[in-house]
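Structural features, examined
Each chain is listed here by its residues.
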Amino acid sequence: CLLCGQAMKNKTRFSDLIFFSKEKSGICEECFSTFEEIAEQHCPHCYKNGESESCKDCQYWQNQGKPVVHTALYQYNQAMAHYLSRYKFQGDYVLRNIFAKKLRIALSQFPDYTIVPIPISQKRLSERGFNQVEGLLSSTNIPYQSLLGKYESQKQSSKNRAERLETKQMFYLLDEKEVPEKILLFDDIYTTGATIQLAVELFMKI
């Protein structure tokens, strides 16, 4: 297992042997079970867990005339925080494959959209060696286009809620002539929605 280091104990079904349908995620079932999917009760706009109606952050954007149409797959619990720490900050690039199957299923629901990953700055790319968002997408084998660049800025993870919501524009278009009509923005973590809103704002100005 890529996470716990123990021998894999995943069960193989007879049908998997016949149709070769078992996709290896690289982690054992016990580790995978620690990731919590979004519960049935969640914010209808951003998928924040435990909210039955529009959450505080979504109300903030809606009051500014900015709709929120976002989908999330997992909660940000301790297991996810540990995973992202190893993947993003410790550079364990092979971990990009863990959610490949789940992501491919989710993204395949938008066949007419051009998938655009949220970028990282050139400084962060040099430090990390890869864009973790593009890494997740590459594991799905679904085409995507890198249409955005990012200026150097303070890490979102180091900001509190108020600072996140007041974040100034930090993205720029790599080529305004190649912007498709239908875009699906893809990022690894959704907190207040500020990052996505800035990217949306940039495309809406075209």
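One numbering rule holds for all chains: residues counted from 1, following each sequence as written. Note on the predicted model: pLDDT of at least 70 is required for a residue's local features to be given, and 80 or more for side-chain atom pairs to be given and counted; whole-chain, interface and lining totals, by contrast, use all residues. Hydrogens and water molecules were not included; the side-chain quantities draw on all heavy atoms of the structure.

1. What to know about the layout of surface pockets
One water molecule sets the probe size; rolling that probe over the atoms shows where empty space is left. Put simply, the grid is 1 Å and covers the protein atoms alone, a cavity is a trapped set of points that fit a 1.4 Å probe, a pocket is an open set with protein on both sides within 12 Å along at least five of seven lines, and lining residues have an atom within 4 Å of a point. Grid points are joined across faces, edges and corners, and a volume is the space filled by probe spheres set on the points. Counted as a void, the largest pocket has a volume near 1,600 Å³. Around the largest pocket sit 47 residues that line it, and Val69, His70, Thr71, Leu185 and Ile196 are the ones nearest its centre. Helix and strand assignments follow DSSP, with helices taken as H or I runs no shorter than four residues and strands as E runs no shorter than two, numbered in order from the N terminus. Elements supplying a minimum of two residues to the lining of the largest pocket: helix H4 (78-89), helix H5 (100-107), strand E4 (183-186) and helix H9 (194-204). With five residues, the single largest contributor to the lining of the largest pocket is H9. When residues are grouped by polarity, Ala, Val, Leu, Ile, Met, Phe, Trp, Tyr, Cys and Pro land in nonpolar, Asp, Glu, Lys and Arg in charged, and all others, Gly among them, in polar. Its residues assigned to classes, the lining of the largest pocket shows 33 nonpolar, nine polar and five charged.

2. Let's talk about the nonpolar core
The tendency in soluble globular proteins is for nonpolar side chains to be buried as a group. Judged by nonpolar contacts, the single largest core of 25 residues is most densely connected at Leu3, Phe35, Tyr83, Phe99 and Phe186. Top element by residues in this core is H4. It accounts for five residues. For this analysis, residues touch if any pair of their heavy atoms sits within 4.5 Å. Once residues within four sequence positions are removed from consideration, Phe186 is found in contact with Leu103, Leu107, Ile115, Val116, Pro117, Ile118, Val133, Leu136 and Leu137. Counting residues in each nonpolar core, the second largest holds 13 residues, with Leu147, Leu173, Leu185 and Phe203 among its members. Side-chain atoms within 4.5 Å are what join buried Ala, Val, Leu, Ile, Met, Phe, Trp, Tyr and Cys residues into a set we call a nonpolar core. The classification of residues rests on relative accessible area computed with a 1.4 Å probe and restricted to protein chains. Under 20% of the type maximum is buried, over 50% is exposed, and intermediate values are partly exposed.

3. Looking at unusual backbone geometry
Note: most peptide bonds trans; most residues except glycine with negative phi. One non-glycine residue, Tyr47, adopts positive backbone phi at about 70°. You can see Tyr47 is positioned in the loop between helix H2 (29-32) and helix H3 (56-63). Judged by its relative accessible area of 25%, Tyr47 falls in the partly exposed class. You will see that Asn141, though not glycine, has its phi angle at about 65°, which is positive. Its location among the elements puts Asn141 in the loop between helix H7 (132-138) and strand E2 (148-150).

4. Here we look at the pattern of salt bridges
Each salt bridge in this description consists of a side-chain nitrogen of Lys or Arg and a carboxyl oxygen of Asp or Glu lying within 4 Å of one another. As enumerated under the stated definition, the model contains seven salt bridges in all. Two residues, Lys88 and Asp188, come together in a salt bridge whose shortest N-O distance is 3.2 Å. Within this pair, whereas Lys88 is found in helix H4, its partner Asp188 is found in the loop between E4 and H9, the two being separated by 100 residues in sequence. Put simply, Lys66, Glu201 and Lys205 are held in one network by salt bridges that share partners.

5. Overview of the packing of aromatic side chains
Centres within 6.5 Å are what make two rings of Phe, Tyr or Trp a pair, Trp counting through its six-membered ring; a difference in plane orientation under 30 degrees is then read as stacked, over 60 as edge-to-face, and the rest as tilted. A complete count under the given rule lists 13 aromatic pairs for this structure. Aromatic pair Tyr151 and Tyr172: ring centres 4.8 Å apart, planes at 45°, arrangement tilted. Placement of Tyr151 in the loop between E2 and helix H8 (161-165) and of Tyr172 in strand E3 (residues 171-173) is noted, with a sequence separation of 21 residues between them. You can call Tyr151 partly exposed: its relative accessible area is 46%. On the basis of relative accessibility, which here comes to 29%, the residue Tyr172 falls in the partly exposed class. Three or more aromatic residues joined by ring pairs form one cluster here, namely Phe32, Phe35, Tyr74, Tyr83, Tyr87, Tyr93, Phe99 and Phe130.

So yeah, pure geometry; function would need other evidence.
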